[in-house]
Amino acid sequence: MTLRRLWMLVLTFTLTASTLFAQPQPPVDGFVPAQSLPPTEQLPAAPLLIAAYSVFLVLMMGYLWTIWRRIGKVEQEMQELAKRQSGQPR
Amino acid sequence: MRKAFVPLVVLGAAMFAYAPVAIAHTPYESTMLLIQKVFYFHLAAWAGLGLAISVCGIASAIYLFNGSKVADRLGVAGAELVVVFCTFGMISGSLWARKAWGIWWGWDPKLTMAFIIDLVFVGYILVRRFGGPGAEKLAAAMGIFGLATTPFIYKAADWWRTIHPQTSVMKTLSNTEGGAIMWSTVWFCIVTFLLLTVLVLAARTRLERLKTRLDELYLAAEDL
C-alpha cells in the first residue's frame with residue numbers, strides 16, 4: 001500500500017512538474033535585442049524579395065536578348081547568302 | 001498573330017510595369033509578412049511553366065506522330081521557356097524559403113521533382129543542339145516524358161510529406177482579410193505571365209522558322 005502511494009506521489013509530481021517550467025516568463029523590461037531572435041527572424045525580407053524580382057527581370061531580359069540576337073544573326077546570314085547568290089554568275 | 005504581336009507586346013510590358021504596384025498594394029500575410037510577396041511572381045512563373053510544358057509536350061507528340069515541322073518548332077520554343085520558368089521558380093522559391101523555412105534548399109519531393117524537370121528540359125535542349133541526325137525525335141520523346149511528370153510536381157505536396165505548402169492553401173486565401181485583393185493580384189500576375197509565355201513562344205518559333213528557311217536557302221545554293 002505504501003509503495004502504491006509512493007508511486008502515485010512520483011507520478012503526480014512527474015505529471016505536474018512540467019507546469020513548474022510552463023510558468024509565464026517574467027515581463028520584458030525594455031526592447032529585446034535582435035541577436036536573441038531565431039536566425040530566420042533576424043533575416044531581413046526586403047533584400048530577398050528584391051532579389052527574387054530582380055532575378056526574374058535579369059533572366060527574362062537575358063533570354064529575350066538571346067532570341068533577338070539569334071534572329072538578327074540568322075537574318076544577317078540570309079542577307080549575305082542572298083547577296084552572294086545574286087553576285088554569282090549563272 | 002503577326003498583326004497582334006506588337007499591340008500584345010505593349011500590353012504585356014504595361015502589365016509587367018503595373019504588376020509590382022499591384023503587389024505592393026496587397027495586404028501582408030500574417031505569419032510571413034513581406035517575404036510572402038514573392039508568391040505572386042513565384043506562382044505565376046509556375047503557371048507560365050504549365051503552359052510552356054503543355055505546348056512542348058503536345059507539340060512533341062504531334063511531331064512524333066505526323067512529323068509536323070510547326071509542331072517541332074513549338075516543341076523547341078516550349079522547352080526553352082520551361083527551363084527559364086523552372087529556373088526562376090526554383091530561385092524565387094529558394095529566396096522565399098531562406099526567410100520562411102530558414103534554408104535555401106531542401107531535398108523534399110516537390111523541390112526535387114522541380115529540379116528533375118529542369119534537368120529533363122536542359123537535356124532536351126542539349127539533345128537538340130548536339131544530338132546529330134534524329135535528335136529531334138529523341139528530344140520530342142523527352143518533351144512528352146516531361147509533360148507526363150507535371151501532375152506529379154503539382155500534386156507532390158499533397159501526396160507526400162513535404163515542407164512545401166499543399167495546393168489547398170490557395171483556398172484559404174479567400175477567407176483571409178484582404179483575400180479579394182490578393183486573389184485579383186494572383187490572377188493579374190498569372191494572366192501577365194501567360195501572355196508573356198505566348199509572346200515568347202511566338203518570337204522563338206519565328207527564330208526556328210527563319211533557321212529552317214536559311215537551311216533551305218543553303219540547300220538551294222548548293223544545287224546551283
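Since the structure is predicted, the reported quantities are computational estimates derived from the model, not experimental observations.

Procedures and definitions
- Residues numbered from 1 in each chain as written.
- Chains lettered and ligands numbered in written order.
- Predicted model: local features only at pLDDT ≥ 70, side-chain atom pairs only at ≥ 80, totals over all residues.
- Heavy atoms only, no water.
- Phe/Tyr/Trp six-rings, centres within 6.5 Å; stacked < 30°, edge-to-face > 60°.
- Helix = DSSP H or I, 4+ residues; strand = E, 2+ residues; numbered from the N terminus.
- Buried < 20%, exposed > 50% of the residue type's maximum accessible area, 1.4 Å probe, protein only.
- Lys NZ or Arg CZ within 6 Å of the ring centre and 35° of its normal.
- 1 Å grid on protein atoms, 1.4 Å probe; cavity = no way out; pocket = protein on both sides within 12 Å on 5 of 7 lines; lining within 4 Å.
- Points joined across faces, edges and corners; volume = space filled by probe spheres on them.
- Nonpolar A, V, L, I, M, F, W, Y, C, P; charged D, E, K, R; others polar.
- Contact = heavy atoms within 4.5 Å.
- pLDDT = per-residue confidence, 0-100.
- Buried area = accessible area lost by both parts, 1.4 Å probe.
- Salt bridge = Lys/Arg side-chain N within 4 Å of Asp/Glu carboxyl O.
- Polar contact = N/O pair within 3.5 Å; in protein donor to acceptor, adjacent residues only side chain to side chain.
- Expected span 1.5 Å × (residues − 1).

**Observations regarding the packing of aromatic side chains**
- Taken as a whole and judged by the stated rule, the model has 19 aromatic pairs over all chains.
- The interplanar angle of 70° and the centroid separation of 6.3 Å between the aromatic rings of B:W105 and B:F115 together place this pair among those described as edge-to-face. Linking B:W105 in the loop between α3 (69–100) and α4 (109–130) with B:F115 in helix α4, this pair joins segments that are 10 residues apart in sequence.
- Overall, B:W105 belongs to the partly exposed group, its relative accessible area being 29%.
- Assessed through its relative accessible area of 31%, B:F115 is described here as partly exposed.
- Between the aromatic rings of B:W159 and B:W160, the centroid separation amounts to 5.9 Å while the plane-to-plane angle is 90°, which identifies the pairing as edge-to-face.
- On the basis of relative accessibility, which here comes to 48%, the residue B:W159 falls in the partly exposed class.
- An aromatic cluster is built from A:Y53, A:F56, B:F16, B:F41, B:F85, B:F88 and B:F193, whose rings are joined through pairwise contacts.
- Taking NZ or CZ as reference, B:K37 lies 4.8 Å from the ring centre of B:Y28, over its face.

**Notes on the layout of surface pockets**
Residue and element names in this part refer to chain B.
- Of the volumes computed, that of the largest pocket is approximately 1300 Å³.
- For the largest pocket, the lining is made up of 45 residues, of which F39, H42, L43, H164 and M170 are closest to its centre.
- Breaking the lining of the largest pocket down by element, the ones donating at least two residues are α2 (39–66), α3, α4, α5 (135–159) and α6 (179–223).
- Looking at the lining of the largest pocket residue by residue, the class counts come to 27 nonpolar, 14 polar and 4 charged.

**Digging into the environment of B:L196**
- Turning to its location among the elements, B:L196 is positioned in helix α6.
- Classification of B:L196 as buried rests on a relative accessible area of 12%.
- Taking C-alpha positions, B:L196 is 23 Å from B:M170, a pair spaced 26 residues apart along the chain.
- Excluding residues within four positions of it along the chain, B:L196 makes contact with A:F56, A:M60, B:F16 and B:F85.

**As for the confidence of the model for chain B**
All names here are of chain B.
- Put simply, chain B has an average pLDDT of 90, and 99% of its residues get 70 or more.
- The element-level mean pLDDT for chain B is lowest in helix α1 (residues 2–24), coming to 87, with α2 highest at 95.
- The ipTM, which scores confidence in the relative placement of chains, is 0.88 for this predicted complex, and the corresponding pTM is 0.82.

**As for the interface of chain B and chain A**
- Of the residues lining the interface, 39 residues belong to chain B; the matching set on chain A comes to 26 residues.
- Across the chain B/chain A interface, buried area totals approximately 3100 Å², and carbon plus sulfur atoms make up 79% of it.
- Our count for the chain B to chain A interface comes out at 2 salt bridges.
- Across the salt bridge formed by A:E75 and B:R206, the nearest N and O atoms sit 2.8 Å from each other.
- Across the chain B-chain A interface, the total number found is 5 residue pairs in polar contact (both at pLDDT 80 or more).
- Listing elements by their share of the side of chain B that touches chain A, those giving two or more residues are α1, α2, α3 and α6 of chain B.

**Brief notes about the confidence of the model for chain A**
- Considering every residue of chain A, the mean pLDDT works out to 78; 64% of them sit at 70 or more.
- The secondary structure element of chain A with the lowest average pLDDT is helix α2 (residues 39–42) of chain A, at 65, and the one with the highest is helix α3 (residues 45–87) of chain A, at 91.

**Quick look at the environment of B:I62**
- When you line up the elements, B:I62 lands in helix α2.
- In this structure, B:I62 is in contact with B:G67, B:S68 and B:A71, ignoring residues within four places of it in sequence.

**Considering α2(B)**
- With 28 residues, α2(B) should cover 40 Å at 1.5 Å per step; its first-to-last C-alpha distance of 40 Å lies within 8% of that length.
- Looking one or two residues beyond α2(B), the residue adopting positive phi is B:G67, at roughly 70°.

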